[in-house]
Amino acid sequence: MSSSLTAGTDIYTLTRFLAKFKDLVHNESIMPDNNDYPKTLADALKARADILEKNELVKLKELFRAYHVGFASLYNLYVKKGLIHEDPYKQEAKIAELEVPSSAPFSEADKMDQLTRRLANYDNQLDFLVNFYQFSVEFLTIDRLKRILALVKYIDWVRLSPDSEDPVSKAVAEMTGQIKTGTDSLTMSVITESLSNLNRSFNPILANLKALADYQRELYKLELRDVTAGMSPEEAASLPQLKRKLSQDKPGLPFYPDLVGEALKEDYSDEGPALREAVLKKLQVDEAKPKEVKAPVSFKGILLDGIQGLGGTAATFSEILAKLDENQIILQNRKQSFFEKLKRIFRQMFNKEREQVIYEVEYVDPVKGIPVREKVDFYSFRGELERKIRTLGPLTVRGPAASKLESIQEEQLTGFLERNIREVQSLHKTLGALDEFFKAAVDRADREKIRGIKPELGTIKNAIVRANSKRYEYSAQKEEEEQLRRLGVGSET
């Protein structure tokens, strides 16, 4: 796999080939017999690009979503268990292009600090890949595919072991083993599911990256032939001359010696016809044949698991609500005059409409990565939180709400799950901002009285990650079932 994405590594072999090739040209004045090949290759690449865009790239993005969900879930557990710190600069990081975090060795004294920064960076890089990278054949160039491959291989999830020679993989294996020891069943379920997601996604991701790399390599060689078509065989055999010509005719196109060597072999060597035939065969798109349509398989249980997981946050939200009320009282009483307190008492006595309390909070926009200020009507938000608790609570037990969900269509369940994920994420964002606001707004003397909600927010974050994991698992299962149906193979359930 790695060789298919590596460029510029086999210069010695290329130099030997070019030396033999120059002698052949000098002695026999051989000319390539492949005038129709560039057009045939261009047609094959166009057909391959259509398949990649319509099917493989969509699948690849979903695989990366599942991969990121798996890592994010473990990352949150590492932070919650105190195995790494919460990186204070994580939300402020600005990413313009994928960069693989450092894998350099570190001392035991620096271990906590290094893992805190590296794993926070890794989570950010995966988030950038999933949410901001363009999954198109035009955007995913050879260089970008190499970056993605290095990112995927940064932690060896398939052979995760404390004996790993890679320092990051070794440390991650040790931390994962620590949180498994004596943990509760829910946490163990999250760990198992996360590792399963990472392992299940790994090989399909590599296969998709290889298919994209094969396409990009042949596309590069096709562009190279635009240059060599205007050169004599002797000129094409001169590496410095070919490099200069390429920079003139195709400015910005990298020079990959190994792909140059492949193109010249395909065009000028005795093996050329066989090599070109192998390329076209590799790119060939099989025509879809009509198959017998099988009845679709239901994966409703996966969606219901995700919904029930979100339902479990109702109790956590209730705990948060109690803490918010206490913090609100502390904040209200901080510097109120006697008359202001008296006015509030009379308002409560006569059941008049509650006064509006607006707090200006700040959080980091998860998409743009910039600080955002927002005005929060405390009592309105509190009412929204209470309504969400009433909605989520019944979903975790066997009852009318759960029975109703089981009776509706998968498409409706998908929409219900996605809507609740978005709403819980929105509440989580505002609650985090309010937590910071209360801590900063009170006097120093009252700061210890403010009840923080970080542990509860971590629990809700894990529930969101797990619900998203179920959503992606459902999409993957549906896609696999659809492929089987197109192939005319029925799934046994």
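Figured I'd write up the structure that's included with this text. Everything quoted here is computed from the prediction, not taken from an experiment.

### Here we look at the environment of E480
Assignment of secondary structure puts E480 in helix α17 (residues 454-487). Judged by its relative accessible area of 45%, E480 falls in the partly exposed class.

### With respect to the pattern of salt bridges
All chains considered together, the criterion is met by 38 salt bridges. Here E326 ties to R451 by a salt bridge, and the two come within 2.9 Å at their closest N and O atoms. Here E326, found in helix α12 (residues 313-332), pairs with R451, found in the loop between α16 (410-441) and α17; they are 125 residues apart in sequence, far enough to count as distant. Overall, E326 belongs to the partly exposed group, its relative accessible area being 35%. Several salt bridges share partner residues, and in doing so they unite R217, E218, K221, R225, D258, E262, E266, D267 and K282 into one network.

### Some thoughts on the pairing of strand β1 (residues 358-364)
Residues Y359, V361 and Y363 line the buried face of β1, whereas the alternating positions I358, E360, E362 and V364 sit on a face that is not buried. Bridge count for β1 against strand β2 (residues 371-377) is seven bridges, and the pairing is antiparallel. Looking at β2, one finds that I358 is bridged to D377.

### Focus on the packing of aromatic side chains
In the structure shown here, the tally under the stated rule is 15 aromatic pairs. Measuring from centroid to centroid gives 4.7 Å for Y359 and F437, while their planes differ by 35 degrees, and the two rings are tilted. Of the two residues, Y359 is situated in strand β1 and F437 in helix α16; the sequence distance between them amounts to 78 residues. Owing to a relative accessible area of 8%, Y359 belongs among the buried residues under this scheme. For the pair F378 and Y379, a centre-to-centre distance of 5.3 Å together with 80 degrees between the ring planes defines the contact as edge-to-face. You can call F378 buried: its relative accessible area is 1%. Within the aromatic cluster, the residues linked to one another by ring pairs are F71, Y75, Y122, Y154 and W157. Sitting over the face of the ring of F139, R144 holds its NZ or CZ atom 3.8 Å from the ring centroid.

### Examining empty space enclosed by the protein
With the rule as written, the count across this model stands at two cavities of 30 Å³ or more. Put simply, the largest cavity is a space of about 60 Å³. Taken together, V69, G70, S73, V190, E193, S194, N197, N462, V465, R466 and S469 form the lining of the largest cavity. Where the lining of the largest cavity is concerned, the elements lending two or more residues are α2 (37-80), α6 (185-228) and α17. Here the lining of the largest cavity is built from residues that sort into three nonpolar, six polar and two charged.

### Notes on the side chain of N468
Assignment of secondary structure puts N468 in helix α17. At 2.7 Å, the side chain of N468 forms a polar contact with the side chain of R471.

### Describing the environment of Q308
By secondary structure assignment, the location of Q308 is in helix α11 (residues 300-311). Classification of Q308 by relative accessible area gives partly exposed; the value is 36%. Here the alpha-carbon distance between Q308 and G393, two residues 85 residues apart in the chain, equals 9.2 Å.

Thresholds, definitions, all that
Every chain is numbered independently, its residues counted from 1 as its sequence is written. Under the rules for a predicted model, residues below a pLDDT of 70 receive no local features and side-chain atom pairs below 80 are neither given nor counted, while totals for whole chains, interfaces and linings still include all residues. Neither water nor hydrogens contribute to the side-chain values; these are computed over all heavy atoms in the structure. Only runs of H or I of at least four residues qualify as helices and only runs of E of at least two qualify as strands under DSSP, and these elements are numbered from the N terminus. Between buried and exposed lies partly exposed: a residue is buried under 20% and exposed over 50% of the maximum accessible area for its type, with that area taken using a 1.4 Å probe on protein chains only. Think of a salt bridge as a Lys or Arg side-chain nitrogen and an Asp or Glu carboxyl oxygen that are within 4 Å of each other. Strand pairing requires that DSSP identify at least two bridges connecting the strands. The aromatic pairing rule takes the rings of Phe, Tyr and Trp, using the six-membered ring of Trp, and pairs them if the centres are within 6.5 Å, calling planes under 30 degrees apart stacked, those over 60 edge-to-face and the rest tilted. We call a charge positioned over a ring when the NZ of a Lys or the CZ of an Arg lies within 6 Å of the ring centre and within 35 degrees of the ring normal. The method works on a 1 Å grid over the protein atoms by themselves. A cavity is a set of points holding a 1.4 Å probe that cannot get out, a pocket is an open set with protein on both sides within 12 Å along at least five of seven lines, and residues with an atom within 4 Å of a point line them. Grid points are joined across faces, edges and corners, and a volume is the space filled by probe spheres set on the points. Residues are grouped as follows: Ala, Val, Leu, Ile, Met, Phe, Trp, Tyr, Cys and Pro are nonpolar; Asp, Glu, Lys and Arg are charged; every other residue, Gly included, is polar. Two N or O atoms form a polar contact when they lie within 3.5 Å of each other; inside protein one atom must be a possible hydrogen donor and the other a possible acceptor, and for residues adjacent in sequence the pair counts only when both atoms belong to side chains.

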